[in-house]
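Residue-level structural notes
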Amino acid sequence: MPTMPKSLFWARTDTAGAEHALLDDRDGLTARGVAVSVDPIACTCRYQLTTGPDWTVRRLEVEAEGAGWQRSIRLEPAGDRWRVTTSEQGNLDAALRAAGHPPAGLPGTDEPDRLADAVDVDLGGSPLFNTLPVRRLRLASAAPDTTHRITVAWVLVPSLAVVPVEQVYTALGAGRVRFASGTFTTDLDVDPDGWVLRYPGLAERVPGR
């Protein structure tokens, strides 16, 4: 497995958790990361992401694991649709019920055609994935008020269910990008390369030592 030239680390601010990503962004993006969180149940999530030179997604593989269960999913664009492959071991729904949460249902999607308009992917709880549209649309250096409305294939954690979601990204200038989805809006602080420094209410990047 090739080594990666960059290492980014975020601490969750909404719950106990963190994310560590190793990546190479010199010609598109190759990244692999690990995220841990206790919400809604203790879970380790591992991912591998590859894009083309234009930052369009070529493949995303995610594995989520907790006590008594494990799930995985692979997303790949295939012409005008997405190919979605899943696997499951154990019983996540039983673990959720035992912790007082509703069941998550199955991983993936029963209707992959609903993802046809998705350009980017997003992984629940991960600030790394906000960089995909920021870099692809060059929002870190765009004129203030430059706005793009996109559809993403959103992978929920821990269920690994995939749903199409509309998101809006707006350049604010001075290293800030507004992110909105549905009724939710927040202003992301990003570095000159578009990597998230602060996602209010979710995570903050921890400088390397």
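What counts and what doesn't
- Residues numbered from 1 in each chain as written.
- Predicted model: local features only at pLDDT ≥ 70, side-chain atom pairs only at ≥ 80, totals over all residues.
- Heavy atoms only, no water.
- Helix = DSSP H or I, 4+ residues; strand = E, 2+ residues; numbered from the N terminus.
- Rg over C-alpha atoms; globule rule 2.2 N^0.38 Å.
- Buried < 20%, exposed > 50% of the residue type's maximum accessible area, 1.4 Å probe, protein only.
- Contact = heavy atoms within 4.5 Å.
- Areas by Shrake-Rupley, 256 points an atom, 1.4 Å probe, with all protein chains shown as cover.
- Lys, Arg positive; Asp, Glu negative; His and termini not counted.
- Charge placed at Lys NZ, Arg CZ, Asp CG, Glu CD.
- Pairing = 2+ DSSP bridges.
- Right-handed = clockwise from strand over helix to strand, strands pointing away.

**Section: the overall build of the protein chain**
Scanning the protein chain from terminus to terminus reveals two helices and 14 strands. A compact globule built from 209 residues would reach a C-alpha radius of gyration of about 17 Å, and the protein chain, at 17 Å, matches this within 12%. Along the three orthogonal principal directions, the C-alpha set of the protein chain runs to about 50 × 40 × 40 Å. Split into buried and exposed, the 209 residues of the protein chain put 44% on the buried side. Partitioning the intrachain contacts of the protein chain with sequence separation of at least 6 by distance along the chain shows that 43% fall at a separation of at least 24. In the form shown here, the protein chain has an accessible surface area of approximately 10,300 Å², with 48% of it arising from carbon and sulfur atoms. Looking at charge distribution, the protein chain has the averaged site of its 22 positive side-chain charges lying 3 Å from that of its 27 negative ones.

**With respect to the pairing of strand 9 (residues 147-155)**
Pairing of strand 8 (residues 120-123) with strand 9 involves four bridges; the strand directions are parallel. Paired with D120 across the bridge in strand 9 is V152. Of the crossover connections in this fold, the one passing from strand 8 over helix 2 (residues 131-136) to the parallel strand 9 is right-handed. In the sheet, strand 9 pairs with strand 10 (residues 162-173) via nine bridges, with the strands oriented antiparallel. Among the inter-strand pairings, W154 is bridged to a residue of strand 10, identified as V163. The hairpin turn running from strand 9 into strand 10, its antiparallel successor, is six residues long, and L160 in that turn takes a positive phi close to 60°.

**Concerning the environment of T183**
Tracing the chain through its elements places T183 in the loop between strand 11 (176-181) and strand 12 (184-190). Note: C-alpha distance between T183 and A99 (84 residues apart in sequence) is 28 Å.

**Structural notes on unusual backbone geometry**
Note the cis peptide between D39 and P40, where omega equals 0°. Here P40 is to be found in the loop between strand 3 (30-37) and strand 4 (43-51). Following V157, the chain continues to P158 via a peptide bond in cis, the omega torsion being 15°. The topology assignment puts P158 in the loop between strand 9 and strand 10. One non-glycine residue, D145, adopts positive backbone phi at about 80°.

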